[in-house]
Amino acid sequence: MTIKKGVSLYSLQDAYGRGGLGLEGVVSAVEDMGTQGIEILSDEMIRGAARASEQTLAEWDAIMERHPLERVSNDIFINSSLYKNRWLTTEEQVELLSADLRLTHRLGIPLVRIVSQTDPAVIRPTLPLAEKLGITMAVEVHAGMSFDHPMTAAWIKEMKEVDNPHVGLVVDFGIYCQRHPRVSTNYFRETLGVNEDVIKYIDDIFASGTDPRQVFPRNPDNPDDYQFPEELSRHFHTFQDRFYAMMSTGYENTPLDTLDEYLPYIKSFHGKFWEVTDEGEEYSIDYGRIFTRLNQLGFDGYVCSEYEGQRFVLPGEPITDLEQVRRHQDLMERHLNDGKNDGADAAQNDGK
């Protein structure tokens, strides 16, 4: 049982696009980092996506032959709001998901990561195809929509009722934040002039061992609508102050005990990070703590680097996505075996 390192190519979208590396360039860069696997975003990186031409698919085959990394996941989105006047019907969403399952199979990838807020009604109609193709469908448990969010809870309820290995979860480490990301704070401070009293209030919530999502009362009719206490709202002098408080609910300090409960359903993890510091650790997330728990539970699978700090780079400063992902791979390498010897160490200490 071991944690394996991967990289979500989501992390390198700037290098992929504006940096001019393209698909093979970012795959090659990831391979050079010494990782084992990759996640791809087919909507972005496979021309035509589910309608890709044979030429495009042959190019993918050739890239993977030259860079034989393990294909971990295809991160897909069901575009349920294609039209201005209505949501897609369940049948239309099933059709889109089925097309992505076929593409994923053709790409040689065993897992589709389905984005949060996906209607669990798509599970049963697509499950026979997923079984036939050998593809697992896993919804992402993402910060702001952790295990207790109504839509995530609905997927989990259906997943448990179906009780099929082709249905599961991809858990994002962003639900295990112990501090608000510093790069986000600095971006809001420097570009939007957010009030320091608001920043301190949010930081104090995390310092107390919880997170804003658990502290702020929620609208019972809309779980994503938060009501701010007067001791915070009196510091709102601009829209940006309120916006910062609202955005802070997108980082969670979920108890690690959730791993004990849900690990049987977890197919892989997104190793979310915003900033690997010069000291080599993620500013907001204690990877040693999480890896220790995963090793104690016997997790065998991928944790894929997922960098989101690029969205908080200050105007005029470079996006160092390649360097940050490289640092993150090194960080994970250092923590890969955390917790593995805890039992033996404890037994040895007991004998002294």
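All values reported here derive from a predicted model rather than from experimental measurement.

The rules behind the values
Residues numbered from 1 in each chain as written. Predicted model: local features only at pLDDT ≥ 70, side-chain atom pairs only at ≥ 80, totals over all residues. Heavy atoms only, no water. Helix = DSSP H or I, 4+ residues; strand = E, 2+ residues; numbered from the N terminus. Expected span 1.5 Å × (residues − 1). Buried < 20%, exposed > 50% of the residue type's maximum accessible area, 1.4 Å probe, protein only. Arc of directions from axis to C-beta. Contact = heavy atoms within 4.5 Å. Core = buried A, V, L, I, M, F, W, Y, C linked by side-chain atoms within 4.5 Å. Phe/Tyr/Trp six-rings, centres within 6.5 Å; stacked < 30°, edge-to-face > 60°. Lys NZ or Arg CZ within 6 Å of the ring centre and 35° of its normal. 1 Å grid on protein atoms, 1.4 Å probe; cavity = no way out; pocket = protein on both sides within 12 Å on 5 of 7 lines; lining within 4 Å. Points joined across faces, edges and corners; volume = space filled by probe spheres on them. Nonpolar A, V, L, I, M, F, W, Y, C, P; charged D, E, K, R; others polar. Axes fitted to C-alpha atoms, helices over the stretch in contact; angles between N-to-C directions. Parallel < 35°, antiparallel > 145°, perpendicular 65-115°, else oblique.

**Details of helix α15 (residues 321-335)**
Phase 1 of the analysis: Helix length check: α15, at 15 residues, gives a terminal C-alpha distance of 21 Å against a target of 21 Å (1.5 Å per residue), a fit within 8%.
Phase 2 of the analysis: Among the residues of α15, D321, Q324, V325, H328, Q329, L331, M332 and H335 are the ones counted as buried. For α15, the angular spread of buried residues about the axis comes to 160 degrees, placing them on one side.
Phase 3 of the analysis: Buried residues belonging to α15 abut β1 (3-8), α1 (13-16), β9 (266-273), α14 (287-297) and β10 (301-307).

**Describing the nonpolar core**
Phase 1 of the analysis: Among the nonpolar cores identified, the biggest contains 92 residues, and L23, L169, F269 and L294 are the most heavily contacted of them.
Phase 2 of the analysis: Element by element, the count of residues in this core is highest for helix α9 (residues 196-207), at six residues.
Phase 3 of the analysis: Excluding residues that lie within four positions of it along the chain, F269 makes contacts with V170, V171, F173, L259, L263, L294, F299, Y302, V303 and C304.

**Observations concerning the packing of aromatic side chains**
Phase 1 of the analysis: For the structure on display, the rule yields 15 aromatic pairs.
Phase 2 of the analysis: Between F188 and F243, the ring centres sit 5.9 Å apart and the planes meet at 45 degrees, which makes this aromatic pair tilted. With F188 in helix α8 (residues 182-192) and F243 in helix α12 (residues 239-247), this pair connects stretches of sequence that are 55 residues apart.
Phase 3 of the analysis: Judged by relative accessible area, F188 falls into the buried class, the value being 4%.
Phase 4 of the analysis: The structure contains a cluster of three or more aromatic residues connected by ring pairs, namely Y187, F188, F239, F243, Y244 and F312.
Phase 5 of the analysis: The ring of F77 has R113 sitting right over it, with the charged end atom 4.8 Å from the ring centre.
Phase 6 of the analysis: The cationic tip of R179 hangs over the ring face of Y283; the distance from NZ or CZ to the ring centre is 3.8 Å.

**With respect to the layout of surface pockets**
Phase 1 of the analysis: Taken as a whole, the largest pocket holds about 650 Å³ of empty space.
Phase 2 of the analysis: Along the walls of the largest pocket sit 27 residues, with H142, A143, G250, E308 and R311 positioned nearest its centre.
Phase 3 of the analysis: When contributions to the lining of the largest pocket are tallied by element, the ones reaching two or more residues are β8 (222-226) and α12.
Phase 4 of the analysis: Among the residues making up the lining of the largest pocket, the classes are represented as twelve nonpolar, seven polar and eight charged.

**Description of the packing of helix α5 (residues 90-106) against helix α6 (residues 123-133)**
Phase 1 of the analysis: Viewed as axis vectors pointing N to C, α5 and α6 meet at an angle of 5 degrees, and their least axial separation amounts to 10 Å. By the criterion of interaxial angle, the relationship of α5 to α6 is roughly parallel. Contacts from V94, L97, S98, L101, R102 and H105 of α5 reach α6 at P125, T126, L129, A130 and L133.
Phase 2 of the analysis: Residues belonging to the contact of α5 with α6 are distributed by class as follows: seven nonpolar, three polar and one charged.

Scope: geometric values only; no functional claims are made or implied.
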